[in-house]
Amino acid sequence: IKEEGHEGCGFYPEGFFNDWSRKNYDAMQVRILGPKIGLTKGMLLRKRGITRIQLPESMRKAPPSRTCDERWAAVVIKNVYPSEENNQLGRHLDPEGTPAKSWREKVRKPLSSMYQRMLIGYGVKES
């Protein structure tokens, strides 16, 4: 697809990965390999109104095969967003939410001052 300010990001239709996951993630970090498309890597964002995965040229890291004409592709999903960590952090920051006990008890490094300032700017109360 044509690049329009989304360099490195492609799109996937809603429900495309339903067989793989019951959750409908907002974005996925992927690697896609196939004879017709070569090797691509980057982020796929969920998009309404499309029926196929759309890949911009900036995601292509290796060209298509010159000798193999088969029509298949393998999709490797590296990460999904929001992740469980994202969800639990959201519950932690929500004044009415409570993250899971296992998440609360885990030792983690404190948020950087930049993240703290950003969250305060978005209206999250200091504590």
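Computed from a prediction, not measured in an experiment: that's the story for all the values here.

Account for the packing of aromatic side chains, with residues named and values stated.
If you walk through the whole model with that rule in mind, you get 2 aromatic pairs. Their ring planes at 70° and their centres at 5.2 Å tell us that Tyr12 and Phe17 sit as a pair that is edge-to-face. An identical accessibility class is assigned to Tyr12 and Phe17; each is buried. Seen in terms of ring centroids, Phe16 and Phe17 are 5.1 Å apart; in terms of plane orientation they differ by 75°. Their pairing is edge-to-face. Looking at Phe16, the relative accessible area reads 40%, which means it is partly exposed. Every member of this aromatic cluster is reached through a ring pair, and the members are Tyr12, Phe16 and Phe17. Lys47 extends its terminal NZ or CZ atom over the ring of Phe11, reaching a point 4.6 Å from the ring centre. Between the NZ or CZ atom of Arg108 and the centre of the ring of Trp103, over which it lies, the distance is 4.0 Å.

Describe the side chain of Gln88, naming the residues involved and giving the relevant values.
For Gln88, the position within the fold is in helix H1 (residues 84-93). Setting aside its immediate chain neighbours within four residues, Gln88 contacts Pro99, Ala100 and Trp103.

Requested: an account of the side chain of Thr40, with residues and values cited.
Relative to the assigned elements, Thr40 resides in strand E3 (residues 38-47). The exposure class assigned to Thr40 is buried, which follows from its relative accessible area of 1%.

Give a detailed account of the pattern of salt bridges, specifying residues and quantitative values.
As a working rule, side chains carrying opposite charge can pair if their charged atoms are close by. Tallying each qualifying case throughout the model produces 7 salt bridges. One salt bridge connects Lys101 with Glu105, and the closest N-O pair in it is separated by 3.8 Å. Residue Lys101 and its partner Glu105 are both found in helix H2 (residues 101-105); the two are separated by 4 residues, about one turn of the helix. In this structure, a network of salt bridges that share partners links the residues Glu14, Asp26, Arg46 and Arg48.

Tell me about the nonpolar core, and please be specific about residues and values.
Counting residues in hydrophobic clusters, the biggest one holds 9 residues: Tyr12, Phe17, Tyr25, Met28, Val30, Ile32, Leu44, Met59 and Val80. It is strand E2 (residues 27-34) that contributes the most residues to this core, 3 residues altogether. If near-sequence neighbours (up to four positions away) are discounted, Leu44 is found in contact with Gly10, Phe11, Tyr12, Asp26, Ala27, Met28, Val30, Ile32, Ile53, Gln54, Leu55 and Met59.

A description of unusual backbone geometry should follow, citing residues and the corresponding values.
Note that the residue after Tyr81, namely Pro82, is joined by a cis bond; omega there is 0°. Turning to its location among the elements, Pro82 is positioned in the loop between strand E5 (74-81) and H1.

Explain the pairing of strand E1 (residues 9-13) to me, and be specific about the residues and the numbers.
Counting buried positions along E1 yields 5 of 5 residues, so the element is predominantly enclosed. Neither face of E1 is open: one carries Cys9, Phe11 and Pro13, the other Gly10 and Tyr12, and all of them are buried. Summarising the sheet, E1 and E3 pair through 5 bridges and their orientation is parallel. Residue pairing across strands places Gly10 opposite Leu44, the latter belonging to E3.

The rules behind these values
- Residue indices begin from 1 for each chain and proceed along its sequence in written order.
- The model is predicted, so local features are restricted to residues of pLDDT at least 70 and side-chain atom pairs to those at 80 or more, both for listing and for counting; the totals for chains, interfaces and linings are taken over all residues.
- Each side-chain value is worked out from all heavy atoms of the structure, with water and hydrogens disregarded.
- Note on ring pairs: Phe, Tyr and Trp rings are taken, using the six-membered ring of Trp, and paired if centres are within 6.5 Å. Classes follow the plane angle, with under 30 degrees stacked, over 60 edge-to-face and the rest tilted.
- Think of it in three bands: with a 1.4 Å probe and only protein chains considered, a residue is buried below 20% of the maximum accessible area for its type, exposed above 50%, and partly exposed in between.
- In this analysis the charged atom, NZ for Lys or CZ for Arg, is taken to sit over a ring once it is within 6 Å of the ring centre and within 35 degrees of the ring normal.
- Starting at the N terminus, helices and strands are each numbered in turn, a helix being any DSSP run of H or I of at least four residues and a strand any DSSP run of E of at least two.
- Any two residues whose heavy atoms approach within 4.5 Å are treated as being in contact.
- The term salt bridge refers to a pairing of a side-chain nitrogen on Lys or Arg with a carboxyl oxygen on Asp or Glu at a separation within 4 Å.
- Nonpolar cores were defined as sets of buried Ala, Val, Leu, Ile, Met, Phe, Trp, Tyr and Cys residues, with membership established by side-chain atoms within 4.5 Å.
- A pair of strands is considered paired only if DSSP assigns at least 2 bridges between the two.

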